[in-house]
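Spelled out, the chains give:
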Amino acid sequence: MTRYTGLIDQYRSRLPFAPEVRAISLGEGRTPLIKLENIPKDVGFEGELYVKFEGLNPTGSFKDRGMTSAVTQAVHEGSRAIICASTGNTSAAAAAYASRAGITAFVLIPEGKIALGKLAQAVVHGAVVVQIQGNFDDGMRLVKEVAETAPVTIVNSINPFRLQGQKTAAFEIVEALGRAPDYHCLPVGNAGNITAYWIGYSEMAGMETASNSLPVELRKYSTAAVVSGRPKMVGFQAAGAAPFLRGGPVKEPETVATAIRIGDPQSWNQAWAAQKESGGWFDECSDEEILKTQRYLAEKEGVFCEPASAASLCGALRDIKAGKIPNGSTVVCTLTGNGLKDPDIIVKGGLQGLIQVPAARSAVEKALLDRLS
Ligand SMILES: *Cc1c(COP(=O)(O)O)cnc(C)c1O
């Protein structure tokens, strides 16, 4: 038995980190690939439907995969501070990995529209939290401007080392299945993650992709083929924040799925390349559909993800029903973040199943028997 020490140690030969580079890690990665059992029966799907539950990373989202690699590289280069714009999860991860590394994290978050759990994480890990009177896109623009002169390393997904860490999720899926799935569905905000998965799948198949933004001279790592074939990449956006469906930036993005409330995606070209090279597509889900799917998954399978994450399963189920994803396919949906980050959204949706009774045996028994009959 060797202790698992995070994805950089696990996949160093496939990452741009020389053996002597010290990994800044919290043991991220190795998240479960859960095979859904009740939902496929419910919808009459005879293929295999999996969720990659990234909410079980150390800070509760897939951003940890990108942050271990971005912070490892920043520290390796001698950086003393990192900065990011965030809808919440990037700031939580940046704050945690910066504290682990003993450096400073500056995070720019939009006023309101951030899940309380995520804000609490940034604060508890000691980040400098700058709340701006604007949305994520404004924050991203400001981060780029400030980083031109201030001695800080940007750890948003425009930092190519972020995607290098995130591509390892595709490695884990290929290893778990012994092959690539037929379809891989993801929620899309900045489109870094769909890009990262595509890089990962391509490298597992020993194939080239135009999606890789890491400068060629830094790609000193193995891309030896492990399997043949890559999945079709399918990206789902929230209807009120769907620039990939509109064909260009959306000015005032609006959605309950705050993690993907982004109007001007930073990985625009790379994500289009992933869609085209894979033969996949982009589509959108309404807020209502997203919240319904979040509850459906929690009730039917015992998996609680955040609203943005549910967009992947929401779209996948719709495409399965429409036959766009053929019956019998192997499908993986990434659940990007943990539902516990934003309990408010559930409470607001109504506490079905909550029964109030006097503190008396008879009353409790009656409540039980009413439900069992
Ligand atoms: C960041 C995030 C996304 C969007 O990922 P992109 O790489 O920006 O497309 C989706 N869901 C959750 C929970 C996130 O934190």
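This structure is a prediction, so every number in the text was calculated from the model and none was measured.

Asker: Could you clarify how one ought to interpret a nonpolar patch on the surface in this entry?
Answerer: A cluster of nonpolar side chains, Ile355, Val357, Val364, Leu368, Leu369 and Leu372, forms an exposed patch at the surface whose accessible area comes to about 580 Å². Looking at where Leu369 falls in the secondary structure, it is placed in helix α15 (residues 361-372).

Asker: How should the side chain of Gln270 be read in this particular structure?
Answerer: In this structure, Gln270 sits in helix α11 (residues 268-278). Taking relative accessible area as the criterion, Gln270 reaches 17% and is therefore assigned buried. Dropping the residues within four chain positions of it, Gln270 is found in contact with Thr195, Ser211 and Ser213.

Asker: Could you clarify how one ought to interpret the pattern of salt bridges in this entry?
Answerer: Close approach of charged atoms lets side chains of opposite charge pair. Enumeration according to the criterion identifies 16 salt bridges in this entry. Residues Asp138 and Arg141 are paired through a salt bridge, measuring 3.5 Å at the closest nitrogen-oxygen approach. Of the two residues, Asp138 and Arg141 are both situated in helix α6 (residues 136-147); the distance of three residues between them amounts to about one turn of the helix. Given the relative accessible area of 28%, Asp138 is considered partly exposed. The class of Arg141 is partly exposed, set by a relative accessible area of 43%.

Asker: Would you mind showing me how to read the packing of helix α8 (residues 168-177) against helix α9 (residues 192-204) here?
Answerer: Two elements in contact, α8 and α9, have axes whose closest approach is 7 Å; the angle formed by their N-to-C orientations is 50°. Relative to α9, the element α8 lies oblique. In this structure, α8 meets α9 at a crossing whose hand is right-handed. Side by side, α8 and α9 meet where Ala169, Ala170, Phe171, Ile173 and Val174 of the first sit next to Tyr197, Gly200, Tyr201, Glu203 and Met204 of the second. For the contact of α8 with α9, the class distribution of residues is eight nonpolar, one polar and one charged.

The rules behind each value
- Residues numbered from 1 in each chain as written.
- Predicted model: local features only at pLDDT ≥ 70, side-chain atom pairs only at ≥ 80, totals over all residues.
- Heavy atoms only, no water.
- Patch = residues over 30% accessible without salt bridge, like charges linked within 9 Å, V, L, I, M, F, W, Y side chains within 5 Å.
- Areas by Shrake-Rupley, 256 points an atom, 1.4 Å probe, with all protein chains shown as cover.
- Salt bridge = Lys/Arg side-chain N within 4 Å of Asp/Glu carboxyl O.
- Helix = DSSP H or I, 4+ residues; strand = E, 2+ residues; numbered from the N terminus.
- Buried < 20%, exposed > 50% of the residue type's maximum accessible area, 1.4 Å probe, protein only.
- Contact = heavy atoms within 4.5 Å.
- Axes fitted to C-alpha atoms, helices over the stretch in contact; angles between N-to-C directions.
- Parallel < 35°, antiparallel > 145°, perpendicular 65-115°, else oblique.
- Left-handed = near helix turned anticlockwise from the far one by under 90°.
- Nonpolar A, V, L, I, M, F, W, Y, C, P; charged D, E, K, R; others polar.

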